[in-house]
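Coordinates in review
Listed below are the residues making up each chain.
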Amino acid sequence: MGRLRKKGQAGAAKNYITRTQAVKKLQISLPDFRKLCIWKGIYPREPRNRKKANKSATSTTTFYYTKDIQYLLHEPLIQKFREQKALEKKISRALGRGDVGNAKRLESNATRPETTGKPTYTLDHVIRERYPTFNDALRDLDDCLSMLFLFANLPSTSTVPASMIARCERLCLEFQHYLIVSKSLTKSFLSIKGIYYQANIQGEDVLWLVPYKFNQRIVGDIDFRIMGTFVEFYMTLLGFVNFRLYTSVGLKYPPKFDQAKDEQSAELNAFTLEGQNLVSNGEDGQEQLTNGEAEHQVDPETQAAVDKVVQKLKGAEDEPSAAAAENGAEAEADGEAPSHAIDKFEPAAPGGDVLTQLDYSGSDAANLFANCTFFLSRETPRHPLEFLLRSFGCKRIGWDAVLGEGAFTTDERDPSITHQVVDRPVVQTTAEGEGEGEGEGEGESKGAQDNQTSQKLGPNQRIPGRIYVQPQWVWDSVNDGELKRPDLYAPGAQLPPHLSPFVQPVQGQYDPTVPLEEQETEGEALAESDEEMEDANGGAEAADMDVAGSDAEEDEEDEDEEDDSFGGFDEDEKKEGEQGEEVGSDDDDEAAQRQIELEAELTGRPMKEKPNKAKSKKEEARKALAKKAAEEAEEHERAKGMLSKKKRKLYEQMIYSNNKKSAEAEKLREKRRRIEKQAAKTKGKV
């Protein structure tokens, strides 16, 4: 006879444990239990049968795996929590006895991250446990960056301490410096939520969201304790990742941080990177990339001797390279391809797969803005533009002095500036000459009195030879990998649509880059032609009414003139002739209509209307379209009858989702059609 098992000691009742039981087993408080589960990656579980897991109890509760709770018993953080709890009891006991001195001494040993910014425990071992390899940490970096960039833009409150915000901002700026040095940034997109960035870090695509720098309003219905727990874990994670990334490119971590520059809104320029093989530019105001050692003066004689040796070595290397080039030319003349020639992957059979061809072109997307010098106007978002431009090769970026320190130049009239980013409307001035002169005089006087700004240009004044663009030009150029036409992004121009680079176009769906006529369906085309005819008829009727109204006004004016002055017999005869012509034309139309009615009465058939060729063609096309749709629906029903029940349900779900997507695409096309019509009407009026 088998061994009898008691109820509730096997199966789901043993594999699952409630949250109350878990807290009692670990002997910690509920907030500490939540922290521990978030840091260790332990989440609630849903059993198949809640009744069995809860031992026939009907109360609503949260379940965890028993093995997960058993795993938490050996966590070192639990001992830290218990020590903290014992210390809190000692402090309350000292305050109860009135021993304030002893309470202050114990308070200094307590964990107060909101005041000191340094907890007594660390999460280093938790990071190593959850991410055994570095690629695992990179895959989980999306939420980490989004959360830290969010907290870096929040104002400090009692629930969000200033020390946490400062550390989040510093970690984010360090990460951005790595992206600038390694040129890992690939795409960016401006959305309603914020700015999306995507970077390829060691083969892993990382996508995160950065909110706009607006004044944030903290509401009371957000539990910042839970979010703060995530942030505390993510700060430790990003610190590990930054250290590994900096060392991989030969940089020293952490970089030097200048507190004085940071207080002057230097942001990225408040850091000085140090590396082994990186040399400082010195001229462009970028972070100095040195090896951290003190600079020393080189002996001129020694340097001259070294230069001679280097030239000799270069000459010796050039001779074999020239001989190799001659051999390659001879091989090409004999019909043989040189060994260093690039391979061409051509399909062996027609219709085969075509492999991506390699390219030896020198154009690199990472150096897109390398030959440009930018100036950012005061109304543009400086930080995202600076980060994006530096990530794609720009070395010289200037801005107005009110935007902070670290600019290449604060003088807007600097002749070395090639591009200026502006985001202000075009100002219409009545007297341009006077306005420009006044603007220059005021700018010079302000510059003499206050050095906070170098804005000396008058309204609508432009510097010859400089390209003026709106901020969207930078994002579209980055996403397309080429410099876009600047005339499409000129100040005050209607910008082209800013499309997300993360969405791939799907056949049959709405594509803003394709003309509307190429992607609309047959039914939409017929409906559009009908609307155009109605608009044309309505416009003709309105024009006729306007003409009739003008004729009536002219007749009234003529009658007034007749009352005032005497008209001869010639005018009366002319009027009688015109009336006779009108009456004659009306009589002809009435006679023709009367003839049609008499023929219909004699034959007993309905009246014949004048045939309209355009309407008949449209009716035929509409009937053909309806017939085709009915045939396709019948074919679908016939095909569904051959499927099993399971496959039929999957097919119906697929048809439902496709119809939903088609309806959304049709709405977008209709919206675009209305916008284009409105633009055409506005253009016609102008």
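What you see is a predicted model; the values in this text were computed from it and never measured.

**So, the confidence of the model for the chain**
Model confidence for the chain is summarised by a mean pLDDT of 77, while 68% of its residues fall at 70 or above. Mean pLDDT per element in the chain: helix α16 (residues 432-449) is the minimum at 43, and strand β4 (residues 195-201) is the maximum at 96. Confidence drops under pLDDT 50 across residues 279-298; counting only partners more than four residues distant or on other chains, this segment forms 32 contacts. When the criterion is pLDDT under 50, residues 335-340 qualifies, and its contacts beyond four places in sequence or with other chains add up to three contacts.

**Section: helix α15 (residues 382-391)**
Across the 10 residues of α15, 10 count as buried, placing the element largely inside the fold. Backbone geometry just after α15 places Gly 393 at a positive phi near 95°.

**So, the environment of Pro 425**
Inspection of the secondary structure puts Pro 425 in the loop between β10 (419-421) and α16. Considered as a pair, Pro 425 and Ala 493 are 68 residues apart in the sequence and their alpha carbons are 9.3 Å apart.

**A look at the packing of helix α3 (residues 30-40) against helix α6 (residues 76-97)**
Relative orientation of the contacting elements α3 and α6 amounts to 155°, with a least axis distance of 11 Å. Viewed along their axes, α3 and α6 adopt a mutual orientation that is roughly antiparallel. Here α3 and α6 pass one another in a crossing that is right-handed. Of the residues in α6, those in contact with Asp 32, Leu 36 and Trp 39 of α3 are Leu 77, Ile 78 and Phe 81.

**Description of the pattern of salt bridges**
Applying the stated criterion across every chain yields a total of 20 salt bridges. The partner of Glu 634 in a salt bridge is Arg 638, and the shortest N-O contact between them spans 3.3 Å. In this pair, Glu 634 and Arg 638 both sit in helix α21 (residues 613-640), four residues apart, roughly one turn of the helix. Residue classification places Arg 638 among the partly exposed residues on the basis of a relative accessible area of 45%. Across the pair Arg 672 and Glu 676 runs a salt bridge whose closest N-O atoms are separated by 3.1 Å. Here Arg 672 and its partner Glu 676 are both found in helix α22 (residues 645-685), four residues apart, which amounts to about one turn of the helix.

**Section: unusual backbone geometry**
With an omega of -5°, the peptide bond between Tyr 253 and Pro 254 qualifies as cis. In this structure, Lys 183 is a non-glycine residue whose phi angle is positive, near 55°. Examined against the element boundaries, Lys 183 turns out to sit in the loop between α11 (162-182) and β3 (185-190). Its identity is not glycine, yet Gln 202 carries a phi of approximately 50°, on the positive side. Residue Gln 202 is classed as partly exposed on the basis of its relative accessible area of 44%.

**Structural notes on the sheet that holds strand β9 (residues 396-399)**
With parallel pairing, four strands are arranged side by side in an open sheet as β9-β8-β10-β11. Among the strands making up the open sheet, the edge pair consists of β9 and β11 (467-469). When strand polarity is set aside, the average angle formed by the axes of neighbouring strands in this sheet is 25°.

**Focus on helix α2 (residues 19-26)**
The complete set of buried residues in α2 reads Ala 22, Val 23 and Leu 26. Angularly, the buried residues of α2 cover 100° about the axis, an arc narrow enough to put them on a single face. Looking at the packing, one finds that the buried side of α2 touches β1 (16-18), α3, α5 (66-72) and α6. Remark: Gln 27 follows α2 within two positions and exhibits a positive phi of approximately 60°.

**Quick notes on the state of the cysteines**
According to the stated counting rule, one finds zero disulfides in the structure shown. Here Cys 144 is not disulfide-linked; the sulfur of Cys 172 is the nearest cysteine sulfur, at 8.1 Å. Lacking any disulfide linkage, Cys 394 is separated from the closest cysteine sulfur, that of Cys 372, by 6.7 Å. Assessed through its relative accessible area of 1%, Cys 394 is described here as buried.

About the cut-offs
- Residues numbered from 1 in each chain as written.
- Predicted model: local features only at pLDDT ≥ 70, side-chain atom pairs only at ≥ 80, totals over all residues.
- Heavy atoms only, no water.
- pLDDT = per-residue confidence, 0-100.
- Helix = DSSP H or I, 4+ residues; strand = E, 2+ residues; numbered from the N terminus.
- Contact = heavy atoms within 4.5 Å.
- Buried < 20%, exposed > 50% of the residue type's maximum accessible area, 1.4 Å probe, protein only.
- Axes fitted to C-alpha atoms, helices over the stretch in contact; angles between N-to-C directions.
- Parallel < 35°, antiparallel > 145°, perpendicular 65-115°, else oblique.
- Left-handed = near helix turned anticlockwise from the far one by under 90°.
- Salt bridge = Lys/Arg side-chain N within 4 Å of Asp/Glu carboxyl O.
- Pairing = 2+ DSSP bridges.
- Arc of directions from axis to C-beta.
- Disulfide = S-S within 2.5 Å.

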